[in-house]
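Spelled out from the first residue to the last, the chains are:
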Amino acid sequence: MRIIICGAGQVGFGIAERLSAEQNDVSVIDTSEKLIHAVRDLLDVRGFVGHGSHPDVLEAAGAEEADMIIAVTLYDEINMVACQVAHSLFNVPTKIARIRAQTYLQKQYQEMFSRDNMPIDVVISPELEVGDMVLRRIALPGASDVLRFADDKVVAFAIECLEDCPIINTPLKQLTDLFPDLPSTVVGVVRNDRLFVPHSEDHLLAGDIAYVVTTSEQVRRTLGLFGHDKPEARRIIIAGGGNIGLYVAQKMEERQPHTRLKIIEHNRERAAFVADELNKTVVLNGSALDQELLREAEVQDADLMVALTNQDQANILSGIMAKRLGCKSNMVLINNSAYQEFIHTVGIDSYVSPKSVTISKILQHVRRGRIRSVHSVYDGRAELIEAEALETSPLVGAPLRNISLPAGLRVGAVYRDGKVIKPHGDLHIRRNDRVVMFATSDAVKHVEQMFRVSLDFF
């Protein structure tokens, strides 16, 4: 697949890294010589210095033969124009643009990105995607990487196995025997920074992070089985009244009207704007690093502090400070992946990575075959994938126990006719079943092959 990426920042670099590792023909464009040199030095891609919206630069990058353009520069307008030029002059089939300004995404302007106007096939709003991830985390305390599949009937999440976890040192096969009516499957495990797909004879250890797939109705029971039956947060403080903070507060007011929300925003004008946009949320003007202001916000009685400013250091420090002052738990937004390696050691309970969320959304449209949803997890080392089984898929027909699957792949759930089925050796996957899987990065290509339309199909 020939792909042009406009923008070599964190997201652009991350996408290029993933796609080039999967043997795609990738070209990266950026105005920064420094970033392009880094891309050329570290990745097997071609790099071009210039504006991604300029026709001559796109032509040099191979737009005439490109299958897709992904525009993720820092500027919405450049991303939009790059897609327009790629369509009008080079007829690039698939165009993806990251759009941050919410005014472009308002419902009354939704026809703007149609083929007859500005032909962008996929518009990605990092703020909305990250906001939805934060909301999913708030709804399931104790879990991270909370993801939904199959019309929200299937939920996947990561959970840490603590010392008092009731099921550690128990073979996974035995868990199935002990809880035969529990449709939960452990599909992946992270142990000592090593990620692997477990076998039935494997068991979980204290300190492991387990990726679990279950039904939406059995999520809380599963969390309880892992010793994480925490109540939902009812008193929440949000640090940062930007697009993400405002979006989260608005949705919380709609979905959980009994939750007490407070927002701390350092910019006075923005704080006034946010206060006007919300109905019940208390908005405080000041710094989330000000202990007196945190006490005024009654942080000592709060269940959760969510730090969503655009500064990683401020998010981390305010999260730590909130817990020291008595807040029960915290969640922070982190852009710099270097911080993600040690935040748990300094008192941060969970974090959200805009880079990972954005890359996941883009991969959903890059993956070949009948892929309905993709989520990148654990810094891109694995993906949770929902795919639709076609008649020609090697998964269809034979029982699962007789199908040779790669070592890095495990089926977590099958969605058929509105019902979720827990996978087992005798299960026969049928045509049109939606299969939710956990795949390590080296097994992703196998997933694409299994769910692609064969020429024989026609």
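Rules and cut-offs
Residues numbered from 1 in each chain as written. Predicted model: local features only at pLDDT ≥ 70, side-chain atom pairs only at ≥ 80, totals over all residues. Heavy atoms only, no water. Helix = DSSP H or I, 4+ residues; strand = E, 2+ residues; numbered from the N terminus. Rg over C-alpha atoms; globule rule 2.2 N^0.38 Å. Buried < 20%, exposed > 50% of the residue type's maximum accessible area, 1.4 Å probe, protein only. Contact = heavy atoms within 4.5 Å. Areas by Shrake-Rupley, 256 points an atom, 1.4 Å probe, with all protein chains shown as cover. Pairing = 2+ DSSP bridges. Axes fitted to C-alpha atoms, helices over the stretch in contact; angles between N-to-C directions. Parallel < 35°, antiparallel > 145°, perpendicular 65-115°, else oblique. Left-handed = near helix turned anticlockwise from the far one by under 90°. Nonpolar A, V, L, I, M, F, W, Y, C, P; charged D, E, K, R; others polar. Salt bridge = Lys/Arg side-chain N within 4 Å of Asp/Glu carboxyl O. Phe/Tyr/Trp six-rings, centres within 6.5 Å; stacked < 30°, edge-to-face > 60°. UniProt positions renumbered as here; feature names shortened; annotations may be inferred. Polar contact = N/O pair within 3.5 Å; in protein donor to acceptor, adjacent residues only side chain to side chain. pLDDT = per-residue confidence, 0-100.

(A) Spotlight on the overall build of the chain. What the chain contains, in helices and strands, is 14 helices and 22 strands. Over its C-alpha trace the chain gives a radius of gyration of 23 Å, about what one expects of a compact globule, namely 23 Å for 458 residues. Counting only C-alpha atoms and orienting by the principal axes, one finds that the chain spans roughly 65 × 60 × 40 Å. Residues classed as buried in the chain amount to 52% of the 458 residues present. For the chain, long-range pairs separated by at least 24 residues make up 64% of all intrachain contacts whose partners lie at least 6 apart in sequence. Counting only carbon and sulfur atoms, one obtains 47% of the accessible surface of the chain, whose full area is about 21100 Å².

(B) Layout of the sheet that holds strand β21 (residues 419-421). Spatial strand order, β18-β19-β22-β20-β21: 5 strands in an open sheet with antiparallel pairing. Since the sheet does not close on itself, it has two edges, and those belong to β18 (371-377) and β21, each with one partner. Neighbour-to-neighbour, the strand axes of the sheet open up by a mean angle of 20 degrees, direction not taken into account. Note: β18 against strand β19 (residues 382-388), 6 bridges, orientation antiparallel. Note that in β19 the partner of His-375 across the bridge is Leu-384. With respect to the sheet, helix α13 (residues 354-366) is in contact with β18 and β19, its orientation differing from that of β18 by roughly 145 degrees.

(C) Summary view of the sheet that holds strand β2 (residues 25-30). Spatially, 6 strands are ordered β3-β2-β1-β4-β5-β6 in an open sheet, and the strand pairing comes out parallel. Among the strands making up the open sheet, the edge pair consists of β3 (46-49) and β6 (122-124). This sheet shows a mean twist of 15 degrees between the axes of neighbouring strands, independent of strand direction. Sheet analysis places β2 next to β3, joined by 4 bridges and oriented parallel. Directly across from Val-28, in β3, lies its bridge partner Gly-47.

(D) The packing of helix α1 (residues 10-21) against α13, seen in detail. Across the interface, α1 lies against α13 with an axial gap of 10 Å and an inter-helix angle of 45 degrees. Overall, the two elements α1 and α13 adopt an arrangement that is oblique. Pair α1 / α13 crosses with right-handed handedness. Of α13, the residues touching α1 (which contributes Gln-10, Val-11, Gly-14, Ile-15, Arg-18 and Leu-19) are Lys-355, Thr-358, Ile-359, Ile-362, Leu-363 and Val-366. Of the residues contributing to the contact of α1 with α13, the split by class is 7 nonpolar, 3 polar and 2 charged.

(E) Region of interest: the pattern of salt bridges. Summed over the entire model, instances satisfying the criterion amount to 25 salt bridges. One salt bridge connects Glu-298 with Lys-262, and the closest N-O pair in it is separated by 2.9 Å. Of the two residues, Glu-298 is situated in the loop between α10 (291-296) and β15 (304-307) and Lys-262 in strand β13 (residues 260-265); the sequence distance between them amounts to 36 residues. Across the pair Asp-349 and Lys-323 runs a salt bridge whose closest N-O atoms are separated by 3.1 Å. Placement of Asp-349 in the loop between α12 (337-340) and β17 (350-352) and of Lys-323 in helix α11 (residues 312-324) is noted, with a sequence separation of 26 residues between them. Exposure remark for Asp-349: the relative accessible area of 35% places this residue in the partly exposed category. Judged by its relative accessible area of 31%, Lys-323 falls in the partly exposed class. Connected via shared salt-bridge partners are Asp-151, Arg-372, Glu-386, Glu-388 and Arg-434.

(F) Inspection of the packing of aromatic side chains at higher detail. A complete count under the given rule lists 1 aromatic pair for this structure. On the numbers, 5.5 Å between centres and 40 degrees between planes, the contact of Tyr-211 with Phe-438 is tilted. Of this pair, Tyr-211 sits in strand β11 (residues 209-215) while Phe-438 is found in strand β22 (residues 434-440), placing the two residues 227 residues apart along the sequence. Accessibility expressed as a relative area gives 3% for Tyr-211, which makes it buried.

(G) Structural detail: the UniProt feature "domain: RCK N-terminal" (unreviewed entry) in the chain. On the UniProt side, "domain: RCK N-terminal" (unreviewed entry) is annotated at positions that read residues 1-124 and 233-352 here. Its end C-alpha atoms 17 Å apart, residues 233-352 is made of 38% helix and 22% strand.

(H) Summary view of the environment of Thr-185. Mapped onto the fold, Thr-185 is located in strand β9 (residues 185-191). Using a relative accessible area of 5% as the deciding quantity, one classes Thr-185 as buried. Between the C-alpha atom of Thr-185 and that of Leu-172, which follows or precedes it by 13 residues, the distance is 8.8 Å. Excluding residues that lie within four positions of it along the chain, Thr-185 makes contacts with Tyr-211, Val-212, Val-213, Arg-410, Val-411, Gly-412, Lys-422 and Pro-423.

(I) Focus on the UniProt feature "domain: RCK C-terminal" (unreviewed entry) in the chain. Those residues carrying the UniProt feature "domain: RCK C-terminal" (unreviewed entry) are residues 144-228 and 372-453 in this numbering. As a span, residues 144-228 carries 16% helix and 35% strand, and end to end its C-alpha atoms are 12 Å apart.

(J) Layout of the side chain of Arg-416. Following the sequence through the fold, Arg-416 ends up in strand β20 (residues 409-416). Given a relative accessible area of 12%, Arg-416 falls into the buried group. There is a polar contact of 2.8 Å between the side chain of Arg-416 and the backbone oxygen of His-428. Each residue touching Arg-416, except ones within four places of it in the same chain, is listed here: Ile-421, Leu-427, His-428, Ile-429, Arg-430 and Asp-433.

(K) Looking closely at the packing of helix α8 (residues 243-255) against helix α9 (residues 268-277). Taken N-terminus to C-terminus, the directions of α8 and α9 make an angle of 20 degrees; their axes are 11 Å apart at the nearest point. Classed by the angle they form, the pair α8 and α9 counts as roughly parallel. As α8 packs across α9, the resulting crossing turns out to be right-handed. Between α8, through Asn-243, Leu-246 and Gln-250, and α9, the contact on the second element is made entirely by Arg-270, Phe-273, Val-274 and Glu-277. When the residues that make up the contact of α8 with α9 are grouped by side-chain class, the tally is 3 nonpolar, 2 polar and 2 charged.

(L) The confidence of the model for the chain, seen in detail. On average, residues of the chain carry a pLDDT of 90, and 98% of them reach 70 or more. Scored below 50 in pLDDT, residues 454-458 shows 4 contacts in the model against residues more than four places distant or in partner chains.

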